[in-house]
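A closer look at the structure
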Amino acid sequence: MAKNYTIDDWNKQAEKELREKKLSDLKWETPEGIMVKPLYTKEDLEGLEHTDGFPGLPPFTRGPRATMYSNRPWTIRQYAGFSTASESNRFYKEGLKNGVMGLSVAFDLATHRGYDSDHPRVVADVGNAGVAIDSIEDMKVLFEGIPLNKMSVSMTMNGAVLPVLGSFIAAGIEQGCSKSELTGTIQNDILKEFMVRNTYIYPPQPSMRIVADIIEFTSREMPKFNSISISGYHMQEAGANQVQELAYTLADGLEYVKIALDRGLNIDDFAPRLSFFWSIGMNFFMEVAKMRAARFMWSEMIKNFNPKNMKSLALRTHCQTSGVSLTEQDAYNNVVRTTVEAMAAVFGGTQSLHTNSFDEALALPTSFSARIARNTQLILAEETGITNVIDPLAGSYYVENLTSNIIKEAKKLMKEVEDVGGMVKAIELGIPKMRIEESSAKKQARVDSKEETIVGVNKYQPNEQQDINILSIDNEQARKEQVAKLDILKKNRDLSKVNNSLAKLISAAENNNSNLLELSIEASLNRCTIGEITEALEKVFDRHKPSSKTISGVYANSVKSSDMLSGVKKEIEIFKNKFGRRPRILVVKMGQDGHDRGSKLIATAFADLGFDVDIGPLFQTPEEAAKQAVENDVHIIGVSTLAAGHKTLVPILMKELKKLDAESIKVICGGVIPPNDYPFLEEIGVTKVFGPGTSIPDAALEIIKLL
Amino acid sequence: MLLKDYLQLNKISSKQFSRILKVSEISISRYINGNRIPNKRILRAIFKETNGFVSANDFLINDIKNIELNNKDKDDIRKLVREITLGSIKSLAKAITLVESSNLLDQKKSDFLISILPKKNNTIRIGISGVPGVGKSTFIESLGLYLLQENFKVAVLAVDPSSQKTGGSILGDKTRMERLSIKKNAYIRPSPSQGHLGGVTKSTRETINCAEAAGFDVVFVETMGVGQAETAVHSMVDIFLVLLLPSGGDDLQGIKKGIIELADLLVVNKADGSLLSTAKVTVNDYKNAISIINSARDSWKPKVEMCSSINHEGIANIWNRISGFIKERKKRKYFLENRINQNKNWMWDLVDQKIKNFIEKDIKNNQISYEIEKKLSNNKLNSINAANEILGIYLKNFK
């Protein structure tokens with residue numbers, strides 16, 4: 001033991017163990033392009049700028065609070081919404097009895113896009129993926145028996161943020177609370193909607209004005225309410241790597257700070273009420289490092305605005321385990337994945353956490369799966385002792401070095417954004433969206449070529465299909481109930497007050513002279529519906545139409561083994577010789593669900609495999625999809641569905657095709673579809689259903705065979 | 001290529017090949033002589049073994065060249081044409097697929113279809129060009145929506161590039177013209193370029209004819225916005241529009257002078273918001289520029305206009321210019337003359353195309369050519385003499 005060994009001694013020893021391989025073979029290039037060595041030592045800590053400091057003090061790398069979990073663990077906040085307000089209310093109350101500490105409301109797609117439940121475009125969307133809210137009356141039912149002056153409520157709402165937040169505040173007022181007592185968070189992060197999630201309503205400019213109105217109003221009237229939750233979550237879900245998630249989210253944050261300052265607000269008026277939202281995936285140490293890097297960078301960024309209040313510099317965040325890491329195959333594995341991800345969020349120092357239920361790759365959680373998800377957090381918080389020490393990974397040679405590398409890489413991306421004139425401009429140019437789609441295509445290529453392992457999907461597949469009980473939702477029933485409630489509301493309100501409120505909103509939108517949130521609260525109190533408020537503003541702002549760009553070549557270039565591709569190419573050549581053209585597929589995304597990662601990925605990968613790929617616009621109706629398929633004379637329609645719309649929309653599509661005498665066009669479905677629904681879809685004439693995790697070349701081969 | 005040629009080229013005997021395919025030698029010689037067409041499984045095997053050089057078409061090629069369409073085929077196509085003229089979108093879509101097909105039998109059908117399709121001269125064919133990002137789709141959508149209000153029926157033929165590497169393509173034009181695409185009297189058909197250069201497909205003219213026969217009275221031909229596309233499109237339309245971006249003062253935005261010369265109407269798009277004043281400057285710049293340029297058309301000085309497609313401003317004015325141009329051309333009888341020229345260009349393009357196909361499919365794969373290539377490899381012939389020799393064999397009067 002007397003000898004002091006050096007790194008050279010280790011090198012020799014390691015190479016001996018490796019025999020033929022070299023030490024450099026053990027290096028790992030992460031998807032972010034960071035080179036990770038097999039061993040880190042004290043020297044890797046030298047010269048790192050972020051490592052000093054204490055939790056609760058700038059630059060907050062080690063945590064936004066001084067005592068962190070040693071005093072009180074993170075808030076268990078489970079995101080949920082079930083079709084109708086009364087059902088969701090029941091679920092919330094059950095959660096509160098069993099350890100949940102804060103509510104998080106998921107709204108249905110119709111509400112997100114500002115349509116009332118009786119609007120013809122949303123037949124399939126009402127009650128899907130969340131709760132349908134049409135007015136203050138639904139809001140009151142949603143929180144019946146839950147005192148809003150005591151309960152912190154988080155709401156994932158961006159598009160229809162004015163009427164939804166307006167009716168929430170109005171419901172609070174009618175419960176007898178004062179505005180200043182309301183606590184919680186509104187997501188209100190419109191920039192990332194234009195990048196990845198697509199649940200916007202108005203074009204970017206007026207949308208940013210709405211954000212500013214909300215920051216202004218809440219900073220004045222609702223000091224305990226987080227005016228915005230700057231979200232990287234949906235970026236990672238859409239395929240972004242961790243550095244992209246970090247850089248683009250911080251860049252979004254900077255834009256919000258700027259518009260609030262432009263409004264004449266003081267940085268300390270609103271910066272302490274800004275919160276963040278990360279996705280936590282399976283790359284454990286990368287996630288921990290990302291969260292620490294984010295706090296350091298945000299603190300550095302805000303320092304430039306000379307805040308007086310230290311709290312302005314502290315980044316507080318909510319985390320959710322990654323939905324895209326869940327698999328349909330071998331679904332119980334998801335419990336383990338979620339546990340690992342939850343641990344990363346905790347080691348990263350999150351303030352609140354949502355853990356996914358293992359069946360969420362298939363459907364909304366059942367009460368059984370929701371219970372396991374909650375308990376995952378309770379076990380971490382109360383059985384492991386993890387909470388006793390603050391920021392326990394600090395000082396780890398690897399984690400600190402990784403943190404520093406992430407900071408460097410993220411700064412490069414932020415520079416790219418800055419060089420084109422900030423995030424709004426970059427989004428208009430489509431830069432972040434393009435970068436994220438590239439990442440997404442690369443990731444799929446790694447999985448398809450088994451370079452990246454997913455247990456139970458591309459390796460170690462189970463021999464038998466497991467039966468999993470999943471929750472099925474009667475969307476038609478929910479819609480009927482909502483429509484009936486709307487009728488009652490409209491009969492019992494004072495129409496002159498309604499019209500007056502809406503006229504005020506229109507005039508404020510036109511003249512930019514009063515706060516739109518304030519007027520939305522008034523309109524909600526006067527029983528204007530979500531749809532009416534949205535439509536009034538739409539008259540002035542218009543509805544945003546996205547321009548859709550699709551990348552090409554990235555998937556093919558990222559597939560390391562070309563055998564996989566050449567098999568498909570050969571089949572396509574044979575097809576082409578026979579039919580005089582390539583197989584032509586129309587990829588459609590019907591309904592109000594804007595998550596287009598899946599459909600974009602299919603489109604670009606299929607084109608790379610040699611298909612001619614038509615893309616349908618977002619938010620298409622089945623009628624429009626059928627028309628497009630016939631006009632373009634495609635062989636096959638690929639329906640991408642994530643939000644349970646398949647049960648309503650696909651039957652309509654089949655009917656429309658029949659009407660157009662185009663039943664020869666085959667229909668296939670892919671996305672989040674519970675296996676129990678497969679027989680139903682096949683019965684109505686769908687040729688084939690592909691579950692998540694299907695390898696794209698395999699799917700392509702199967703499709704060519706079908707034609 | 002033909003199986004015979006492939007085997008000869010790679011010095012594989014029919015005996016060897018029969019072992020590889022696990023079929024009798026007699027069968028192989030029947031395939032080679034064209035006495036029998038291999039079944040699907042064997043076709044696939046041959047395709048695989050020859051790395052795609054010998055495909056199904058290579059066994060049909062001789063038959064089809066000599067085959068005339070039978071009566072049923074002709075009746076089917078007559079029916080298709082009837083339905084097109086009655087306005088069936090589905091039949092129009094099928095007809096376009098047919099004229100775009102690379103299948104030899106389809107091409108025969110397509111020739112017949114075009115020959116019986118009613119021709120219309122009361123339509124307007126508009127070519128649209130401009131650099132990527134200038135807003136071609138938004139412009140067409142805005143103008144298209146305006147024309148629908150004026151009771152026109154509008155067809156848009158858009159070409160998206162096929163990947164040179166993979167052959168596949170992404171056809172996203174409907175997402176770029178979403179509002180127009182859902183209208184009843186609008187028809188948007190994106191087509192893959194399939195390796196055809198020039199910003200159009202090999203069958204854009206045929207497609208125009210089909211759309212017109214289906215009652216669409218304004219047909220837009222949108223180019224991919226690459227260099228050589230403009231000449232090709234110019235030769236198949238009645239009026240050629242070039243879209244421009246507002247840009248202050250610099251010289252003609254790097255747009256080639258040749259393209260401006262082709263334009264009948266220059267439109268500065270995106271004349272809105274902060275770019276409005278720049279757009280006005282750009283209009284003046286181009287007015288000055290074109291005053292010293294020779295127009296491609298007789299007696300017509302190109303005009304420069306501006307519009308905001310996104311705000312639908314200036315669109316009616318653009319239409320007035322277009323219809324004014326057409327009226328003027330008709331009055332002076334240039335309109336029909338131009339259509340006749342379009343047909344002449346079409347003819348020569350077809351001659352060109354068919355010779356190219358002939359070279360690719362027949363000459364290059366022929367035994368004689370292999371012999372000449374061999375001589376070239378052995379330095380017994382130089383390239384020039386070799387080329388002349390090949391041409392002398394195939395073209396009787398070639399000197």
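Once a new chain begins, its residue numbering starts again from 1 and follows that chain's sequence as written. To read the labels, note that chains go from A and ligands from 1, taken in the order they are written. Under the rules for a predicted model, residues below a pLDDT of 70 receive no local features and side-chain atom pairs below 80 are neither given nor counted, while totals for whole chains, interfaces and linings still include all residues. Water and hydrogen atoms were dropped before computing side-chain values, which therefore reflect all heavy atoms in the structure.

For the rest of this paragraph, the subject is the overall build of chain B. Only DSSP runs of H or I with at least four residues qualify as helices, and only runs of E with at least two residues qualify as strands; both kinds are numbered from the N terminus onward. A count of helical and extended segments in chain B gives 19 helices and eight strands. By its C-alpha atoms, chain B is 75 × 55 × 40 Å across when sized along the principal axes. Between buried and exposed lies partly exposed: a residue is buried under 20% and exposed over 50% of the maximum accessible area for its type, with that area taken using a 1.4 Å probe on protein chains only. Looking at chain B residue by residue over its 399 residues, the buried ones come to 47%. By definition in these notes, contact holds between two residues if any of their heavy atoms fall within 4.5 Å. Expressed as a percentage of contacts within chain B between residues at least 6 apart in sequence, the contacts between residues at least 24 apart total 73%.

Let us now look at the packing of helix α11 (residues 284–303) of chain A against helix α14 (residues 397–419) of chain A. Residue and element names in this part refer to chain A. For the pair α11 and α14, interaxial distance at closest approach is 8 Å and the crossing angle is 55 degrees. As judged from the angle between their axes, α11 and α14 are oblique. By crossing handedness, the relation of α11 to α14 is classed as right-handed. For the pair formed by α11 and α14, the contact residues are Phe285, Met286, Val288, Ala289, Lys290, Arg292, Ala293, Phe296, Met297 and Met301 on the first element and Tyr398, Val399, Glu400, Leu402, Thr403, Ile406, Ile407, Ala410, Lys411 and Met414 on the second. To get an axis, fit a line to the C-alpha atoms, keeping to the stretch in contact for a helix; angles then go from 0 to 180 degrees between the N-to-C directions. Angles are sorted into four bins: roughly parallel if under 35 degrees, roughly antiparallel if over 145, roughly perpendicular if 65 to 115, and oblique for all others. Throughout, a crossing is termed right-handed when the near helix is turned clockwise from the far one, and left-handed when it is turned anticlockwise from it by less than a right angle.

Residues and elements named next belong to chain A. A 1.4 Å probe that fits into a set of points on a 1 Å grid over the protein atoms alone but cannot get out defines a cavity; an open set with protein on both sides within 12 Å along at least five of seven lines defines a pocket, and lining residues are those with an atom within 4 Å of a point. Grid points are joined across faces, edges and corners, and a volume is the space filled by probe spheres set on the points. Counted according to the given criterion, the structure contains eleven cavities of 30 Å³ or more. Roughly 130 Å³ of volume is contained in the largest cavity. What lines the largest cavity is a set of 15 residues, and nearest its centre among them are Ala238, Glu437, Asp596, Arg597 and Lys600. Where the lining of the largest cavity is concerned, the elements lending two or more residues are α6 (190–197), α16 (431–448) and α23 (597–609). The element that contributes the greatest number of residues to the lining of the largest cavity is α16, accounting for five residues.

So, about the sheet that holds strand β5 (residues 218–222) of chain B. All names here are of chain B. By definition, two strands form a pair when at least two bridges between them are found by DSSP. Spatially, the seven strands line up as an open sheet ordered β4-β2-β5-β1-β6-β7-β8, and their pairing is parallel. A strand with exactly one partner marks an edge of an open sheet, and here the two such strands are β4 (186–192) and β8 (303–306). Direction aside, the axes of adjacent strands within the sheet are offset by 20 degrees on average. Direction of pairing for strand β2 (residues 154–160) relative to β4: parallel, over a ladder of seven bridges. Of the residues in β4, the one forming a bridge with Val159 is Ser191.

Of the residues lining the interface, 37 residues belong to chain B; the matching set on chain A comes to 43 residues. Buried area is a sum: the accessible area each of two parts loses on coming together, probed at 1.4 Å, counted once for each and added. A per-residue breakdown of the area chain B buries against chain A is headed by Ile170, Thr175 and Glu178 of chain B, which together make up 18% of the total. Within this document, salt bridges are pairs made up of a side-chain nitrogen of Lys or Arg and a carboxyl oxygen of Asp or Glu, the two lying within 4 Å of each other. Where chain B meets chain A, there are three salt bridges. With its nearest N and O atoms 3.4 Å apart, the salt bridge here joins Asp661 of chain A to Lys90 of chain B. Definition of a polar contact: a pair of N or O atoms within 3.5 Å, with one able to donate and the other able to accept a hydrogen when the atoms are protein atoms, and with sequence-neighbouring residues admitted only if both atoms are side-chain atoms. Connecting chain B to chain A are 18 residue pairs in polar contact (both at pLDDT 80 or more). For the side of chain B that touches chain A, the elements supplying multiple residues, two or more each, are α4 (40–49), α7 (89–100), β3 (169–171), α10 (173–176), α11 (178–181) and β4 of chain B. When its residues are assigned to classes, the side of chain B that touches chain A shows eleven nonpolar, 13 polar and 13 charged. Only Asp, Glu, Lys and Arg are considered charged, only Ala, Val, Leu, Ile, Met, Phe, Trp, Tyr, Cys and Pro nonpolar, and every remaining residue, Gly among them, polar.

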